[in-house]
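Listed here are the chains, written in short residue letters.
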Amino acid sequence: MHHFHYMDEELFCEEVRVSDVADAVGTPFYLYSHATLTHHFRVFDSAFEEIPHLVCFSVKANSNLAILKLFADLGGGADIVSGGELFRSLKAGIEPQKIVFSGVGKTPQEMREALDAGILMFNVESAQELDLLNTIAGQMGKVAPVSIRVNPDVDPKTHPYISTGLKKNKFGIELEDAIQEYFRTAELENLEVVGISCHIGSQLTEVDPFVDSFSRVKDLVARLREEGIDISYLDLGGGLGITYSDEEPPHPDSYAKRIIQVLKELYTAGVVGAAVGNGLVHARPRDLTLILEPGRVIVGNAGILVTRVLYNKEGVKKRFIIVDAAMNDLARPALYDSYHRIMPVTDPGRKKVAADVVGPICESGDFLARDREDIPDASRGELLAVMSAGAYGFTMSSNYNSRPRVAEVLAKGDELFVVRERESYEELVRGESMPEGI
Ligand code: LLP
């Protein structure tokens, strides 16, 4: 469900006419829908309402401050992977106690910053990282809250670049070795075991790989409990896919239902007895908070990239529609050969043609759509919308070919907010110098 729709033959984002935005800010630009962002966050969050949980939005998917603030206002936390993402999250008003820090390569400086901020937990991915975190926390006179990221060795059946939970991937600690590392963590003076985490990949369109991996993680939690190591946070990562073309990923409700089914016994088995005033002992469920790290499912279909056609060119073998957005603005097609639907901004009933939609960058890999038969027949000067670009769109953009990064705009009802200005040429060279003597 999203709020990009046609009215009077024109594409709108909520009540804002997309061509008006192009007139106001120029092209290309990312355009996000406030209502869609809010709706997706709420649907995901409420899918887990029957158990204690925290939705930590995966900042790498879209790190614009206005969007992070929107999620903060909805009670969300953040899943971060760098000092920069920590900085953004705090600036956007996300509570430190709702921030989890993932990633295989945290630097000492990033660890210090996160300890200073007082984040919820570090998802630690190697034995050496545990040792370093212990040392740094000790130097700061702090105790670092730790969750070990385990690698459940499950095939997520997604693009190999975005699958992370297989033994051959660099992520997490092998399930078999995790117990040992938990014992070690418990012994280290400046670390405190608080959780366990996993993440098997992104753009998953089936629930089964999640179920397989979570049941392995669940067994490990049970085993740890037997060993006297209690876990307060069970972080299941992100990964739920979206529809780019004809994929039919599970709705968050059915995803949540299956997951809760798998994890149920962790909440019921060995309920903790709590003494009450009259001396009776009431059973209460264990204190176990689920952490979810969705990225794409929240923002992917809440954003589009709008671009203008510069030229049409009839090649020997095919037609090229050359537009003003390029692989530096949206890297996914070039990097993963991923599909993004291309829609016309006016006159949606127009005929479709076989064409490549390509950008101005000097590389054959610079395409937004390749070998496609569903491209709207668009001429010079017309606007095209690259759909489903809200996740890993702007965040993966670069200045390649010295192209300033594009503007980001948020529509809310009939209001329009520029939430990131287009970069200027001066900003392109900021920090560069031409020292005397070179
Ligand atoms: N948690 C962890 C530890 C992750 O590594 C990721 C994504 C997420 C959560 C969020 O996953 P999501 O819910 O968005 O699937 N650039 C690629 C996707 C890379 C995903 C990396 N990790 C793309 O454009 O498809």
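Rules of the game
- Residues numbered from 1 in each chain as written.
- Predicted model: local features only at pLDDT ≥ 70, side-chain atom pairs only at ≥ 80, totals over all residues.
- Heavy atoms only, no water.
- Core = buried A, V, L, I, M, F, W, Y, C linked by side-chain atoms within 4.5 Å.
- Buried < 20%, exposed > 50% of the residue type's maximum accessible area, 1.4 Å probe, protein only.
- Helix = DSSP H or I, 4+ residues; strand = E, 2+ residues; numbered from the N terminus.
- Domains from an automatic or database assignment.
- Contact = heavy atoms within 4.5 Å.
- Near = heavy atom within 4 Å.
- Polar contact = N/O pair within 3.5 Å; in protein donor to acceptor, adjacent residues only side chain to side chain.
- Areas by Shrake-Rupley, 256 points an atom, 1.4 Å probe, with all protein chains shown as cover.
- Nonpolar A, V, L, I, M, F, W, Y, C, P; charged D, E, K, R; others polar.
- pLDDT = per-residue confidence, 0-100.

## Structural notes on the nonpolar core
Logical step 1: The biggest cluster of nonpolar side chains holds 103 residues, and the ones touching the most others in it are Phe-48, Ile-196 and Leu-263.
Logical step 2: The element contributing the most residues to this core is helix α9 (residues 252-268), with eight residues.
Logical step 3: Taken domain by domain, this core gets at least three of its residues from each of domain 1 (4-31 + 300-428) and domain 2 (103-292).
Logical step 4: Ignoring sequence-local partners within four residues, the contact set of Phe-48 consists of His-53, Tyr-255, Ala-256, Ile-259, Ile-260, Leu-290 and Leu-292.
Logical step 5: Counting residues in each nonpolar core, the second largest holds 18 residues, with Phe-4, Leu-11, Leu-31 and Val-409 among its members.

## Section: the site of the ligand
Logical step 1: Neighbouring residues of the ligand: 18 residues in total, closest Ser-202, Glu-293, Arg-332, Tyr-336 and Tyr-392.
Logical step 2: One of the side-chain nitrogen or oxygen atoms of Arg-332 is found 2.6 Å away from an oxygen atom of the ligand.
Logical step 3: Within the side chain of Tyr-336, one N or O atom sits 2.7 Å away from a nitrogen atom of the ligand.
Logical step 4: In isolation the ligand has 590 Å² of accessible area, and contact with the protein removes 92% of it.
Logical step 5: By residue class, the composition of the shell around the ligand is five nonpolar, seven polar and six charged.
Logical step 6: Counting residues domain by domain, the shell around the ligand receives three or more from each of domain 1 (4-31 + 300-428) and domain 2 (103-292).

## Quick look at the confidence of the model for the protein chain
Logical step 1: Averaged over all residues, the pLDDT of the protein chain equals 94, while 94% of them reach at least 70.
Logical step 2: The secondary structure element of the protein chain with the lowest average pLDDT is strand β14 (residues 281-284), at 44, and the one with the highest is strand β4 (residues 29-33), at 99.

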